[in-house]
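The lines below spell out each chain.
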Amino acid sequence: MKIPINWLNSLVELPKDIKKLTNDLTMVGHMLDKIEVKNGQTILDLELRGNRADCYSVLGIAREVSTIYGTKLKNIPVEEITKTNKLKDFSLDIQTPLVKRVGMIKIENVKIVKSPSWLSEKLVSYGIESKNNIVDLTNLVMVETGEPMHAFDLDKIGNCLKIRLAKDGEKITTFQDTTLTLTKDDLVWAKKDCILSVAGSIGEKYNSVSDTTKNILLEAANYDRANIRRTVYKHKLLTDAGIRHEKDLDPNMVDFAFSRFLYFIKKYNWGEFKPEIYDYYPKKIVPWKLNLDFEYLKRFSGLDIEINQIKSILTKLNFKIIKLNKDKLTVEIPTYRTDVTLEEDLIEEIVRIYGYDNIPSKTLSLEIPNKITPDYILQEEYLRQTAVSLGFDENISLPFIKEKYKENNVSIVNPPSPDTKYLRSSLFFNLYDTANKIINERGNLVQLFEIGKIYSKEKNIYKEERRVGFIYWSKENNKFIDFKSLVVSFFEAIGFNNIEFINEIISFKFTNSYLLKLSNKQIGFGGKHGSIYYTEIDLDSILGKNDKYKVSLWPSYPPQIEDMTLQIPEKTYVGEVIQSIKSINNLITKIELSNIFENNFTFNIEYQHPDKTLTDSEVKEIRNKILTKLKEKFGISIKE
Amino acid sequence: MLDNGIYMKEDLINLKNQALARISEANNLDELEQIRIDLFGRSGKITLIIKELRNLKPEEKKQIGILINEIKKTLDEFIQTKKNDLKVVIREWFDPTIPAKLKKIGHLHPTSIVISEMVEIFKNLGFSITEGPEIESDRYNFELLNLPKDHPARSLQDVLYIEEPEILLRSHTSSVETRAIEKLKPPFRVVVAGKCYRFESVNATNNAMFYQFQGFALQEGISMADLKGTLFYFVKSYFGEDRKIRFRCKYYPEVEPGVGLDLDCKFCNQKGCAVCKGRGWIEMLGAGMIHPQILKNFGYNPKKISGFAFGMGLDRIVMDRFKIKDIRSLYNGDIKY
């Protein structure tokens, strides 16, 4: 909210030091956004608070200033008015409960002139362009009191108006020269089939006040906030009136707005009127009561405020104390404070005026609750550390994929750009793009991982699964075994030493693709795209299933170690050969492939008994079993 | 013969002392080798004495023999030690300036680093960690948070919808708060860090995805003083003991009373600059007491049980900490480790 200092000062006494004023306003909830100086005028720009409709006005901020410093508002001159429920030679038909209050008055023989400088300068300092005295006056009253007003050219609108919901497709050309196509939830002022204004936000072009206007109909109203809000956002009508009407405005502000407007008309002799307002106000809002329990205030705020001080703060806030005893009180809330409806709201009021600075700072002195962090969150952290320890750099990307990668992805209906439309179904695509970026920038090695979610929809249920993706490319060592060594090391480090790599065709146009299985259950996949290797693991299927922090001791007896070179026929899975060897005897504790030359595979095999040193003849017996089995199953022979 | 034996004993001790002196004064390995030959060589002094031994009586022979062995051992050791000393001085050519071949070390993403540092601080205060879905319903993201449809504060949040208007990408981690209050039994204290989304065209300062860090506690007796203490402890631990903090009233629909917390602007030492828009303060986080309506939504009596919540955007903090100027480079693979 822009607050010209001079304008504010005309309503309330201000401290000399503007910095003190802005600091104090900030502390009680109206943060200073910035200070501007325009034509020698100082203008405060205060952050708007969505719940303080009353503070979208200079008067609202003046009230806050008066509360902070305990000073009275200055006398604001007004014209005394009375109310009537009938306007002479005029009828208004209101067909919807969305209208809460309408005030109207006819002003005749209006003099339309260029605004005097005091008026136009005030508006310009706030940021509204000056038009003519009448339009400017509606704006002045709106900025000062917070109540939007609108003046129609009485001779153009006829004498029979309606406030109703628009029909689908009805059109209005606004005074800003844009044409809107309305729908059946937009509230409008209309004569017959001609829409005169969109209620609460913008007037029509032809029927508004112009230089030739002789007589006007002035209105100020209050509508259902939510309805106005929908209209304002749908048609982008964030006008000064629109942003006020979509908040919880107090219907009682209407009276003050008229009194103030008419005061100026009379003072400057800009028109003739009878000080009687047509008032449609089916459900009058009166001040409501709230209780305050002192014990609750103390417990909730952590502040021990004396009753006298509470009373003084409430009085400065213009809240009327109607009942008081030693442990509670009842106040009446003025109707402009539409935000204060609960005891907790009242507590905030007292505490913010008493000063947030005065709240003591306690370090959660209460009993420490149980630790409830789920294991998988801690494990995910451990995975991250493990990947880093193997030399992988962490990548975090937006979980959207480029359009060219889309398949059946879950998608956004209102994407701000095509690149934020499709939610990823794999971590591959973004890692792949990043890998290519590194390769193009002459990197020698790509070793990245990402932990994140993928998104899918199954039977009308949206699913999120946590994945880790590893991507690898190396200028020097770009063999599958180089990448697989890292992946298997990762699994070993997080407690899985029995992951199987199964040759399988999968999507993503991968060559050399495979599935990862744990106890025969699929837990991931991998493959090669171009010269880049990739593996993705489904975290939900492995987290919580490993034995963390398993340790083993060095054996007490030395193993027997031997190298064995086997001649393996083509298209034999070496993994299966190793499995076969392992399954022969559990005294075979380690098999490592140490060399490959053509079809000769050299294995380093360890035989070990936990309780003794194996003899040569015991080892020989096992070795013979191995050779017999390999011959039978794979046609493998030993190279002598 | 006895005299001869005594004479030999003295001779031997003199010989040993002379030899020790010569050894310690040797300047190079050649000299040392010469000393060794003079003592133990074919016609070395010790060798000659050993040859003389056979002329002694058996008991003298034994006595002298033991002495010679001791002397021989002492001198041998001393020569060896001296040899090592001399070797150090004249070691072979070696170049320690040869460039290292670096091992590939992995790095955590800056955002992960900041999250774990913050989590660590809150763990000290008895907070656990939780998480929640990113694809959310309007109910958990807004409705249950005291943000009914058409609430004025909703315009602050322009949302990415998957199915308008009910299914969306969460616009804040407060959606995890509603899920936690629904699921967990008080007392509890939790923090959550995660991705959030908003309708935003991507540029240097805004992204469609951003990270939030949020915490909340629900427990009988929690007050604004506990909130203040918790936030001050966190801010001082993370940003530095010497930072100035402003704890002020601010409106958020999810809390009542609401709190805004600002830190002194260290770019201008509070003199006012472009970063702080001349205010001298940087908005750091939003907080407050969990709104009584939210507690009622989950069947709690706000007068019996209370709680606080706070939240902050992480990306600015990460950018500031790692001197990253463009928000896009955080999450588009531009970071060069």
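The rules behind these values
Residues numbered from 1 in each chain as written. Chains lettered and ligands numbered in written order. Predicted model: local features only at pLDDT ≥ 70, side-chain atom pairs only at ≥ 80, totals over all residues. Helix = DSSP H or I, 4+ residues; strand = E, 2+ residues; numbered from the N terminus. Rg over C-alpha atoms; globule rule 2.2 N^0.38 Å. Buried ≥ 20, exposed ≤ 12 C-beta atoms within 10 Å, placed from the backbone. Contact = placed C-beta atoms within 7 Å. Domains from an automatic or database assignment. Nonpolar A, V, L, I, M, F, W, Y, C, P; charged D, E, K, R; others polar. Pairing = 2+ DSSP bridges. Axes fitted to C-alpha atoms, helices over the stretch in contact; angles between N-to-C directions. Core = buried A, V, L, I, M, F, W, Y, C linked by C-beta atoms within 7 Å.

**Some points on the overall build of chain B**
Broken down by element type, chain B carries 11 helices and 10 strands. Taking 20 Å as the expected radius of gyration for a compact globule of 337 residues, we find that chain B reaches 41 Å, considerably beyond that expectation. Dimensions of chain B, computed from the C-alpha atoms along their principal axes, are close to 125 × 45 × 45 Å. Burial analysis of chain B (337 residues in total) assigns 39% to the buried set. Across chain B, contacts joining residues at least 24 apart in sequence account for 65% of those joining residues at least 6 apart.

**Topic: the domain arrangement of chain B**
By the assigned domains, chain B splits into domain 1 (2-89) and domain 2 (110-331). Spacing between the C-alpha centres of domain 1 of chain B and domain 2 of chain B amounts to 85 Å.

**Thoughts on the interface of chain A and chain B**
Taken together, the contacts link 75 residues of chain A with 68 residues of chain B. Looking at side-chain class alone, the side of chain A that touches chain B contains 33 nonpolar, 18 polar and 24 charged residues.

**So, the sheet that holds strand 16 (residues 288-293) of chain A**
Residues and elements named next belong to chain A. Pairing in this open sheet of three strands is antiparallel, and the strands run 16-18-17 from one edge to the other. Each edge of the open sheet is held by one strand with a lone partner, namely strand 16 and strand 17 (320-324). Ignoring strand direction, the axes of neighbouring strands in this sheet form an average angle of 25°. As paired strands, strand 17 and strand 18 (residues 328-333) are joined by four bridges and run antiparallel to one another. Looking at the pairing, Lys 323 lines up with Thr 330 of strand 18.

**Let's talk about the nonpolar core**
If you look at the biggest cluster of nonpolar residues, it comprises 128 residues, and the most contacted ones within it are A:Ile471, B:Val191, B:Ala287, B:Ile290 and B:Phe308. Not counting the four nearest positions on each side in its chain, A:Ile471 is found in contact with A:Leu431, A:Tyr432, A:Ala435, A:Val446, A:Leu448, A:Ile532 and A:Tyr534. Membership of the second largest hydrophobic core comes to 79 residues, among which are A:Trp7, A:Met142, A:Leu196 and A:Ile277.

**Some words on the environment of A:Asn586**
Mapped onto the elements of the fold, A:Asn586 is located in the loop between helix 17 (574-584) and strand 29 (588-597). Residues A:Asn586 and A:Tyr607, 21 residues apart in the sequence, show an inter-C-alpha distance of 8.7 Å.

**Structural notes on the sheet that holds strand 8 (residues 160-165) of chain A**
Residue and element names in this part refer to chain A. A sheet is described by the order of its strands in space; here five strands give the open sequence 5-8-11-12-13, paired in mixed fashion. In this open sheet, the two edge strands, each paired with only one partner strand, are strand 5 (91-94) and strand 13 (202-203). When strand 12 (residues 194-198) meets strand 13, the two strands line up antiparallel, connected through two bridges. In the sheet register, Val 198 faces strand 13, and the bridge partner there is Ile 202.

**Observations concerning the environment of B:Arg321**
Residues and elements named next belong to chain B. Checked against the element boundaries, Arg 321 lands in helix 10 (residues 315-322). Given 14 C-beta atoms within a 10 Å radius, Arg 321 is considered partly exposed. In the structure, Arg 321 is positioned 207 residues away from Val 114 in sequence and 8.8 Å away in space, judged by C-alpha atoms.

**A few points about the pairing of strand 29 of chain A**
All names here are of chain A. Buried residues are scarce in strand 29, accounting for one of its 10 residues. Where strand 29 and strand 30 (residues 600-607) come together, eight bridges link them in antiparallel fashion. Within strand 30, the residue paired with Glu 592 across the bridge is Asn 604. The turn linking strand 29 back onto strand 30 is made up of two residues, and Glu 598 within it adopts a positive phi angle of 50°.

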